[in-house]
Amino acid sequence: MISYNFAYLDEQTKRSIRRALLKAVAVPGWQIPFGSREMPLPYGWGTGGIQVTASVIGETDRLKVIDQGADDTTNAVAIASFFKRMTGVEITTHTADATIIQTRHRIPEHPLTENQIIVYQVPQPEPLWRLIPERPVAMRAHALGDYGTMYVKLYEDITRFGRVASAYEHPVMVGGCVLMSPSPIPAFDNPKMDRMPALQLFGAGRERRLYAVPPYTSVRSLDFADHPFHPGRADGTCSLCGSTTSYLDEIIMDDHGTRRFVCSDTDYCSERQDAKDTTP
Amino acid sequence: MAFVATKGGEGAIAAAHAWRADRRHGNGQGCTLKQATTSFGRAIDRVMAEGALYDPDLAARALLQAEGDLVEAAFLLRSFRATRPRLIDSLPIETGNMRVQRRVSAIFKDLPGGQRLGPTTDYSHRLFETEDGHSPSEEPELTNASGEAPSRIPGAIGILGEEALLESVPAPHDADLPPDLSTTPLRFPAERRVRLQALARGDEGFLLSLAYSTQRGYGNTHPFVGELRMGEVPVTIAPPELGFEIDIGSIVVTECQMVNQFNGSKVAPPQFTRGYGLSIGHSDRRAMSMALVERSLRAEELGESTGSPAQDPEFVLSHCDSIQATGFVEHLKLPHYVDFQSELEIVRAIRAEAGMARQENQEAGDDLV
């Protein structure tokens, strides 16, 4: 019978990943190469995030895994069950109870604290990839702090559409000097990254890069003085909990295109529903 | 047997075939046709797709004969296909009538008809199963894993069309049947239905890598999986002498409708565009790769910047056929004595001339000192 170490990876590998993470924390937003391993889930499913979580998780941790804000989406369930199997740690859906939150495409609505780590799954760590596909050239731009191409791209959006056209993965400036991809979270979530009390770790398994934002670090969404950053959300109300401020998913109800909105953050939504039920 | 005996090498060829046959049958321990058919469904699907012939039994035979070499097996199917008379063209299959086994949309959390995973590895952990075929996990045992009977489900992305957020399906150029690539050479510029045909039988690895390159910045298409569905569709013919339609059977296909962000151009408002992928059998990888590459090939038509490999129709379509590619790459091991001999002569002659010239220069240089 084949057996596995706690959290799947061997201790040596976990140590090497933690060393890379320390480096990442020391240079906020900077992409650190690391010896990413093949994981038992495919690349693109969150192998970077899984490796980061596996490297920092301990027996007393409580893990929450979300995809698109929800604990019950197929990918989140598969990753959570992987860690349950490989570590035996407690899996929770409550944001406030979790010590580690692994996420794909969202930041929970509930503000995070100093006692928490949020691990982002990152498909493309290089924020300039759409403009400069050649990675060595992009790296030189980072080294020189030369982000002119990105500003020109935003400027072109404004001249063509009257607004910045990137709805998700809107680039951020970390610590005032390093351009970073926030991962494909909606622009709505970007402001939550700024001076967040929790440690933010980012893992890109396929591209073999890690990066980090230490607690209370400045994270500014790229914009212009006369065109300030605009975090967007669907103009609607959650049909389950009535929230008018949370990020919403659009659900199509029938073949006639009838639609309604629900919170993307399922924990936030169900807590609000519970609170409503108990208030007289 | 020595390789030099290229002329009169019959003995060598016979010995090579005998050795292969021996290896293939594995002292009677080899896999039977029935075992291959039931155990290697995905391999059979790929062989049928690249062999451009829907016949699971024949594909299984090809797979065995080719010792599991997928390209070789597709080649066997392709060359068999060439010998069959063409009796009639079927009517276009209608994927809306699919008996759906699997149907997912990545752009809506829920939608009419629901999300249906079907037989997929998407959320399995890649850990070795125990020898009796069971996963070592605590996964619940399902008695009726295939669930309720497959049903017909409406398309997922039509909703976007109603708001005109999605481009309408471009009408075919004319009512004629599309040119058949198995009997008509590929010519450029190739219209969309010809491109789709070439991609549908293209090498899965090639399509996959090209599709991947677009995701890393080399011809990005901003894709979302609007819908991916797999199941059986009826195949219908309408013989002209009868004047009515007859179902002659059904085939399993995988269809991918990619929805791609489009920033708009001078003539078109911003909207979502389509990339289309269709594969014989069950292959998400193949259908999705095809949809990404297909959309990339429309860059010029949509007025997007071009220049990446996946955006170049001539480059992609001329090199996507695994059977053409493997033939020409591997032909380099055939004897090329004659050509090489002439190259030898030329290289020797040039070196000799250069040597003489150098000597003369040196002598001239000596004089200067």
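(A) The overall build of chain B, seen in detail. Secondary structure assignment for chain B yields 12 helices and 4 strands. By the burial criterion, 34% of the 369 residues in chain B qualify as buried. When contacts within chain B are restricted to residue pairs at least 6 apart in sequence, those whose partners lie at least 24 apart make up 64%. For chain B, the exposed area adds up to about 22,500 Å²; of that, 57% sits on carbon and sulfur atoms.

(B) Seen up close, the pattern of salt bridges. Residue and element names in this part refer to chain B. For the coordinates displayed, the defined rule picks out 34 salt bridges over all chains. With a shortest N-O distance of 3.2 Å, arginine 286 and glutamate 50 are connected by a salt bridge. Taken together, the residues arginine 286 in helix α9 (residues 284-296) and glutamate 50 in helix α3 (residues 41-51) connect sequence positions 236 residues apart. The same class applies to arginine 286 and to glutamate 50, which are both buried. The salt bridge partner of arginine 193 is glutamate 191, with a shortest N-O separation of 2.9 Å.

(C) Main features of the sheet that holds strand β7 (residues 178-180) of chain A. Residues and elements named next belong to chain A. Across the sheet, 3 strands lie side by side as β7-β6-β10; this open sheet has antiparallel pairing. At either end of the open sheet lies a strand with only one pairing partner, and these are β7 and β10 (219-221). Each neighbouring strand pair of the sheet contributes to a mean axis angle of 35°, computed without reference to strand direction. For strand β6 (residues 172-174) and β10, the ladder comprises 3 bridges, and the chain directions are antiparallel. Across the sheet, residue valine 172 finds its bridge partner in β10, namely serine 221.

(D) Main features of helix α7 (residues 192-200) of chain B. Residue and element names in this part refer to chain B. Of all 9 residues making up α7, 8 are buried, and the element is well covered by its neighbours. Every buried residue of α7 is listed here: Arg192, Arg193, Val194, Arg195, Leu196, Gln197, Ala198 and Leu199. Its buried side turned inward, α7 meets α8 (204-215), β4 (271-280), α9 and α10 (313-319).

(E) Region of interest: a negative patch on the surface. Residue and element names in this part refer to chain A. A grouping of Glu90, Asp97, Glu271, Asp274 and Asp277 is seen on the molecular surface, where their side chains present a negatively charged patch. At 3 residues, helix α7 (residues 266-278) tops the list of elements feeding residues into the negative patch. Mapped onto the elements, aspartate 97 comes out in the loop between β3 (90-91) and β4 (100-104).

(F) Structural detail: unusual backbone geometry. Omega for the bond connecting phenylalanine 188 of chain B with proline 189 of chain B falls within 30 degrees of zero, at -5°, which places this linkage in the cis form. Within the element layout of this structure, proline 189 of chain B appears in the loop between α6 (158-162) and α7. In this model, arginine 195 of chain A sits at a positive phi of 50°, which is unusual for a non-glycine residue. Residue position: arginine 195 of chain A is located in the loop between α6 (190-193) and β8 (199-204).

(G) Molecular detail of the environment of alanine 291 of chain B. Residues and elements named next belong to chain B. Examined against the element boundaries, alanine 291 turns out to sit in helix α9. Counting along the chain gives 27 residues from alanine 291 to glycine 264, while the straight-line C-alpha distance between them is 20 Å. Setting aside residues no more than four positions away along its own chain, alanine 291 makes contact with Cys256, Met258, Gly275, Tyr276 and Gly277.

Reading the values: the criteria
Residues numbered from 1 in each chain as written. Chains lettered and ligands numbered in written order. Predicted model: local features only at pLDDT ≥ 70, side-chain atom pairs only at ≥ 80, totals over all residues. Heavy atoms only, no water. Helix = DSSP H or I, 4+ residues; strand = E, 2+ residues; numbered from the N terminus. Buried < 20%, exposed > 50% of the residue type's maximum accessible area, 1.4 Å probe, protein only. Contact = heavy atoms within 4.5 Å. Areas by Shrake-Rupley, 256 points an atom, 1.4 Å probe, with all protein chains shown as cover. Salt bridge = Lys/Arg side-chain N within 4 Å of Asp/Glu carboxyl O. Pairing = 2+ DSSP bridges. Axes fitted to C-alpha atoms, helices over the stretch in contact; angles between N-to-C directions. Patch = residues over 30% accessible without salt bridge, like charges linked within 9 Å, V, L, I, M, F, W, Y side chains within 5 Å. Lys, Arg positive; Asp, Glu negative; His and termini not counted. Charge placed at Lys NZ, Arg CZ, Asp CG, Glu CD.

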